[in-house]
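This is what each chain is made of:
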Amino acid sequence: MSASGGTKAIVAALSANLAIAVAKFVAFLFSGSSSMLAESVHSVADSGNQGLLLLGGKRAKRQATPEHPFGYGRERYIYAFLVSIVLFSVGGMFAIYEGYEKIKHPHEIEAWYWPVGVLVFAIIAEGYSFRTAIAESNQTRGKLSWTEFIRRAKAPELPVVLLEDFGALVGLVLALGGVGLALGTGNGVWDGIGTLCIGVLLIAIAIVLAAETKSLLLGESAGVEDVEKIKASVVDGDTVTRIIHMRTLHLGPEELLVAAKIAVRHDESAAEIADAINAAEARIRAAVPIARVIYLEPDIYNERAAAAGTNPGKSPDAPATPDEPATPDASATPDAPGTSEAPGGTGTGSGTAPGAGAPPETGASSPSPAASDASAPRDDSGH
């Protein structure tokens, strides 16, 4: 998702929610409808949420620093998580409290035309915002279903706006139903029931948002398509013969870290290996432009190590995958060429710390702490 697309959807939602919040508050003052009060607070919370998303997007563009060498891309995830908390506490819990109070102490709705008119206006405004979010999402959604798009999207803004607008539209229908039943029966309890339903809906949406943004905060790998593109780009069939193992991690929605141990021919010179690594990095960035930080560590592939069945990040008993042969454990023979970094390291890494305007660098260099962290854990035998 492009930042501009997300910003357009956020601004459309913010404009709609601010106008709706004012109209709902006016309708509540004239009618005394608890559904209208709950919807008013809901719109205010949504407006604050869009403000948080815009703030997160702005702060994520800051340049990388020595203290934060990989930049601030994950700030967008943090602010999206705050949105779920605000939606849960301010929107959902308040609506449940207000609905309970209205059921316990019901009263008739006055000036019914105010809440009905405002709700119809709000449905039109939220529909416009929802339509904008759908149009922006369709540019990046591809063939994914809406559920898959919300679960797999690495940029949090559009999924958040989509769920918020969807919840707002359903909430408005519930509020309209509660007000309509209260007016038709003369029993204000229906207004309270509609308010309770709005609260339950908002809490359910907040839980979904919290779960998805939590996964992004913990760190997600690249998508399946990007992983396949990276694998195809690394191996040249000449100097780089295969990938021993590889890890990817999103540093932000549009910043990807790639770390891989690659197999090279044993008779290649250091200069030839460095040139091959530089070429592989260039191919990766051409195939997946968001790959901003790349660490490639050369090693010699060993058949006996692959047959040992161990693999970085997997249990010792897990079988090695064909393109991710495992590093040897302590049972491997000492004289076998290792497929993990030995003391002193032979790693070759390159890349740039992400940040707005930071150009990617290409070139081989001596191993750095970041490159060592990216490589597989070594055992006590030093293999």
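Calculation criteria
Residues numbered from 1 in each chain as written. Predicted model: local features only at pLDDT ≥ 70, side-chain atom pairs only at ≥ 80, totals over all residues. Heavy atoms only, no water. Helix = DSSP H or I, 4+ residues; strand = E, 2+ residues; numbered from the N terminus. Buried < 20%, exposed > 50% of the residue type's maximum accessible area, 1.4 Å probe, protein only. Areas by Shrake-Rupley, 256 points an atom, 1.4 Å probe, with all protein chains shown as cover. 1 Å grid on protein atoms, 1.4 Å probe; cavity = no way out; pocket = protein on both sides within 12 Å on 5 of 7 lines; lining within 4 Å. Points joined across faces, edges and corners; volume = space filled by probe spheres on them. Salt bridge = Lys/Arg side-chain N within 4 Å of Asp/Glu carboxyl O. Phe/Tyr/Trp six-rings, centres within 6.5 Å; stacked < 30°, edge-to-face > 60°. Lys NZ or Arg CZ within 6 Å of the ring centre and 35° of its normal.

**Side note on the overall build of the chain**
Thought 1: Each helix and strand counted, the chain has eleven helices and four strands in total.
Thought 2: By the burial criterion, 48% of the 383 residues in the chain qualify as buried.
Thought 3: Accessible surface for the chain amounts to roughly 17300 Å². Of this, 63% is attributable to carbon and sulfur atoms.

**A few points about empty space enclosed by the protein**
Thought 1: According to the stated counting rule, one finds two cavities of 30 Å³ or more in the structure shown.
Thought 2: In terms of lining, the largest cavity is formed by 13 residues, of which the most central are I150, P159, E212, T213 and L216.
Thought 3: Secondary-structure elements contributing two or more residues to the lining of the largest cavity are α5 (146-152), α6 (157-185) and α7 (189-218).
Thought 4: Per element, the largest residue contribution to the lining of the largest cavity is four residues, and it comes from α7.

**Focus on the pattern of salt bridges**
Thought 1: Evaluation of the coordinates by the stated rule reveals ten salt bridges.
Thought 2: The salt bridge partner of E75 is R59, with a shortest N-O separation of 3.2 Å. Note that E75 is positioned in helix α3 (residues 75-104) and R59 in helix α2 (residues 34-59), a separation of 16 residues in sequence.
Thought 3: Note that K261 is salt-bridged to D299, the shortest N-O span being 3.4 Å. Of this pair, K261 sits in strand β2 (residues 255-264) while D299 sits in strand β3 (residues 291-299), and the two are 38 residues apart along the sequence.

**What about the packing of aromatic side chains?**
Thought 1: Scanning all chains against the criterion turns up three aromatic pairs.
Thought 2: Seen from their ring centres, F30 and W114 are 4.5 Å apart, and the 10 degrees between their planes marks the pair as stacked. In this pair, F30 is assigned in helix α1 (residues 3-31) and W114 in helix α4 (residues 113-141), connecting sequence segments 84 residues apart.
Thought 3: Seen in terms of ring centroids, W112 and Y113 are 6.0 Å apart; in terms of plane orientation they differ by 75 degrees. Their pairing is edge-to-face.
Thought 4: For W112, a relative accessible area of 47% translates into the label partly exposed.
Thought 5: The lysine or arginine in question, R62, covers the ring of Y72, its NZ or CZ lying 3.8 Å from the ring centre.
Thought 6: The positively charged end of R141 is found above the aromatic ring belonging to W146, 3.9 Å away from the centroid.

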